[in-house]
Amino acid sequence: MSEKDGLQKSLTWLQGTALTVGGVIGSGILVLPSIAAVIAGPASLISWALMGLLSLPMVLAVGEMSSAYPNSGGIAAYAEQAFSPRVSQLITLLILTAMPIGMPFTALVGANYLADMLGLGSVGTHVAAGMLLIIAAALNYRGIELSGNTQIFVVGTIIFILLFVVLSAAPQVKASEFTPFFSKGALSVAQTLPLLFFAFLGWEMVGHVSEEFKNPEKDIQKSLNISFVVVNSVYILTAIVIIGSGVYKVGNPNVSMVTLVTERWGSLAAAFVSVLGFVACYCPIHTYTAGFSRLIYSQSRGGSLPAFLGKIHPRYKTPHIALIAYTPVFIVILSASCIFSWDLRPLISFPSASFLMVYTIGMFSVGKVLTSKRGKLSGYLSAIMTFFVLLCSGLYALLPISITIAFLIKYRKETLQIKQ
């Protein structure tokens, strides 16, 4: 495929940073600091710091791999480069099993924040969720530059609101709330790690748009480095305020952020946090829409999926057919959820486990492909860490593990032809 027919190279480091931050920070920022504080008390700050450090190898591995080998296939492309096209197809299969539940669920979480503020019923909530998915597809259809600029605005809004909440609550922070520091015991710090792990996923999504950076060798790693600092700073500052104010000890920890803002701003708090939740949920939808469509485009380009899915829009230079093709699937799932009153929450652990398997294979592949000591160490450390968390998922891990084993058995002759 010629350069003219390929994806448009228009992303800057700033747009890449916004897409990455948006892929990592989600609605969990509203509830996880309080839930972690309930489990580990003030020592949950150590949990946040540890997870930030543990995510560093993934950031370094993805940054080095994407910069050296920019490919819209992302982790699937890494697996093909390390092993074979069949392993790349396995990655794609695992992601395809995760997205139909994961994306509609995330959209519903965001829509629920809006529904609470506007008093929407079930139908209205599902319509709002569908609009989130359609808007994300439409903006990505229009072009990665517009998509990146949109994410700059959205992420900027989230950071502004969170900083506003943190600064507003700062006078309520008391040093006495941090003692005793290990109020729940030292072991409680380890117990919160699997929970917080999911707040640090999404770094790999920059790999799917790596072909669209103007200067991938320089800007991809820069985007990831800045994103790493921004994400960790936001998480730590929010956790400090939640713990220092003691708000997590009062009532339901899931609404601690509402309680915190209410004490300072009264009745405006509900609308304030509702907007934050709605915007925070849109961020990962926007980024994952971009990444997922590029994965489909890449697999089609490589012959693993029908060729028509790999077509590029002549004007916008986006994988428009890939974007159009899977969006109706999400709408069907949302419609079924509305009509039959499905509760998607119990099902969300399945796509989470599938993604953990994807990360495990992908990071091991990165460690195998990269030649630098830092790259290899980062890749292998990330793979080990991710697989450990996958095992902590319990019975939910059986689905991706079973898919992987069945796939490897069926295509054992092709997948075992490991590249040297």
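Note that the structure is predicted; figures quoted are calculated from it, not measured. (Residues numbered from 1 in each chain as written. Predicted model: local features only at pLDDT ≥ 70, side-chain atom pairs only at ≥ 80, totals over all residues. Heavy atoms only, no water.)

A. Representation of the overall build of the chain within the structure. In terms of helices and strands, the chain carries 16 helices and 0 strands. For the chain, whose C-alpha radius of gyration is 21 Å, the value lies close to the compact-globule estimate of 22 Å for 420 residues. The principal-axis extent of the C-alpha atoms belonging to the chain is close to 60 × 45 × 40 Å. Across the 420 residues in the chain, those meeting the buried criterion constitute 56%. (Helix = DSSP H or I, 4+ residues; strand = E, 2+ residues; numbered from the N terminus. Rg over C-alpha atoms; globule rule 2.2 N^0.38 Å. Buried < 20%, exposed > 50% of the residue type's maximum accessible area, 1.4 Å probe, protein only.)

B. Expanded view of a nonpolar patch on the surface. Among the surface-exposed residues, Val123, Val127, Met131, Ile134 and Ile135 lie close enough to one another that they form a single nonpolar patch of about 430 Å² accessible area. Within the element layout of this structure, Met131 appears in helix H6 (residues 122–142). (Patch = residues over 30% accessible without salt bridge, like charges linked within 9 Å, V, L, I, M, F, W, Y side chains within 5 Å. Areas by Shrake-Rupley, 256 points an atom, 1.4 Å probe, with all protein chains shown as cover. Salt bridge = Lys/Arg side-chain N within 4 Å of Asp/Glu carboxyl O.)

C. Structural detail: the packing of helix H4 (residues 75–82) against helix H13 (residues 349–369). The interhelical angle for the contact between H4 and H13, taken along N-to-C directions, is 50°, at an axis separation of 8 Å. When the axis of H4 is compared with that of H13, the two are oblique. Every pair of crossing elements has a handedness; the one defined by H4 and H13 is left-handed. Touching Ile75, Tyr78, Ala79, Gln81 and Ala82 of H4 are Val358, Tyr359, Gly362, Met363, Ser365, Val366, Lys368 and Val369, all from H13. (Axes fitted to C-alpha atoms, helices over the stretch in contact; angles between N-to-C directions. Parallel < 35°, antiparallel > 145°, perpendicular 65-115°, else oblique. Left-handed = near helix turned anticlockwise from the far one by under 90°. Contact = heavy atoms within 4.5 Å.)

D. Molecular detail of helix H14 (residues 373–391). Between the first and last C-alpha of H14 there are 27 Å, a value that for 19 residues agrees with the 27 Å anticipated at 1.5 Å per step. Packing partners of the buried residues in H14 comprise helix H3 (44–68), helix H8 (187–197), H13 and helix H15 (398–410). (Expected span 1.5 Å × (residues − 1).)

E. Spotlight on the side chain of Glu64. On the secondary structure map, Glu64 appears in helix H3. Polar side-chain contacts of Glu64 include one of 2.4 Å to the side chain of Ser372. Beyond its immediate stretch of four places on either side in the chain, Glu64 contacts Gln221, Leu370, Ser372, Arg374 and Gly375. (Polar contact = N/O pair within 3.5 Å; in protein donor to acceptor, adjacent residues only side chain to side chain.)

F. Structural view of the packing of H13 against H14. At a minimum axis separation of 7 Å, H13 and H14 run at an interaxial angle of 160°. It follows that H13 is roughly antiparallel to H14 by the angle criterion. Considering only the axes of H13 and H14, their crossing is left-handed. Residues Ala353, Leu356, Met357, Tyr359, Thr360, Met363, Phe364, Val366, Gly367 and Lys368 of H13 pack against Gly375, Lys376, Gly379, Tyr380, Ser382, Ala383, Thr386, Phe387, Val389 and Leu390 of H14. By residue class, the composition of the contact of H13 with H14 is 12 nonpolar, 6 polar and 2 charged. (Nonpolar A, V, L, I, M, F, W, Y, C, P; charged D, E, K, R; others polar.)

G. Focus on the pattern of salt bridges. All told, the structure shown has 4 salt bridges when counted by the stated rule. With a closest N to O distance of 2.8 Å, Glu177 and Lys249 form a salt bridge. Pair noted here: Glu177 is in the loop between helix H7 (144–169) and H8 and Lys249 is in the loop between helix H9 (216–245) and helix H10 (256–265), with a separation of 72 residues, a long-range link. The exposure class assigned to Lys249 is exposed, which follows from its relative accessible area of 54%. Across the pair Arg294 and Glu212 runs a salt bridge whose closest N-O atoms are separated by 2.9 Å. With Arg294 in helix H11 (residues 268–301) and Glu212 in the loop between H8 and H9, the pair connects residues that are 82 residues apart, well separated along the chain.

H. Examining the environment of Ile161 more closely. On the secondary structure map, Ile161 appears in helix H7. Taking the C-alpha atoms as reference points, Ile161 and Phe182, 21 residues apart in sequence, are found 30 Å from one another. Here Ile161 is in contact with Phe272, Val275 and Leu276, once residues within four sequence places are set aside.

I. Representation of the environment of Ala43. Residue position: Ala43 is located in the loop between helix H2 (28–40) and H3. For Ala43, a relative accessible area of 0% gives the class buried. Through-space distance from the C-alpha of Ala43 to that of Ser274 is 29 Å; in sequence the pair is 231 residues apart. Setting aside its immediate chain neighbours within four residues, Ala43 contacts Phe181, Phe182 and Val189.

J. Structural detail: the nonpolar core. Grouped together as the largest cluster of nonpolar side chains are 120 residues, with contacts concentrated most on Trp48, Trp203 and Tyr235. The biggest single contributor to this core is helix H5 (residues 85–118), with 14 residues. In this structure Trp48 touches Leu32, Pro33, Ala36, Leu196, Ala199, Phe200, Tyr235, Ile236 and Ala239, once residues within four positions along its chain are discounted. (Core = buried A, V, L, I, M, F, W, Y, C linked by side-chain atoms within 4.5 Å.)

K. Structural context of the packing of aromatic side chains. All told, the structure shown has 14 aromatic pairs when counted by the stated rule. Residues Trp48 and Tyr235 carry aromatic rings whose centres are separated by 5.0 Å and whose planes lie at 40° to one another, so their mutual orientation is tilted. Of this pair, Trp48 sits in helix H3 while Tyr235 sits in helix H9, placing them 187 residues apart in sequence. As far as burial versus exposure is concerned, Trp48 and Tyr235 are alike and both buried. Between the aromatic rings of Phe364 and Tyr380, the centroid separation amounts to 5.3 Å while the plane-to-plane angle is 55°, which identifies the pairing as tilted. Here the residue Phe364 occupies a position in helix H13, and Tyr380 occupies one in helix H14, the gap between them amounting to 16 residues. Relative accessible area serves as the criterion here: at 39%, Phe364 is assigned to the partly exposed category. Within the aromatic cluster, the residues linked to one another by ring pairs are Trp48, Phe200 and Tyr235. Sitting over the face of the ring of Trp13, Lys222 holds its NZ or CZ atom 4.3 Å from the ring centroid. Seen from the ring of Phe83, Lys368 lies directly overhead, with NZ or CZ sitting 5.8 Å from the centre. (Phe/Tyr/Trp six-rings, centres within 6.5 Å; stacked < 30°, edge-to-face > 60°. Lys NZ or Arg CZ within 6 Å of the ring centre and 35° of its normal.)

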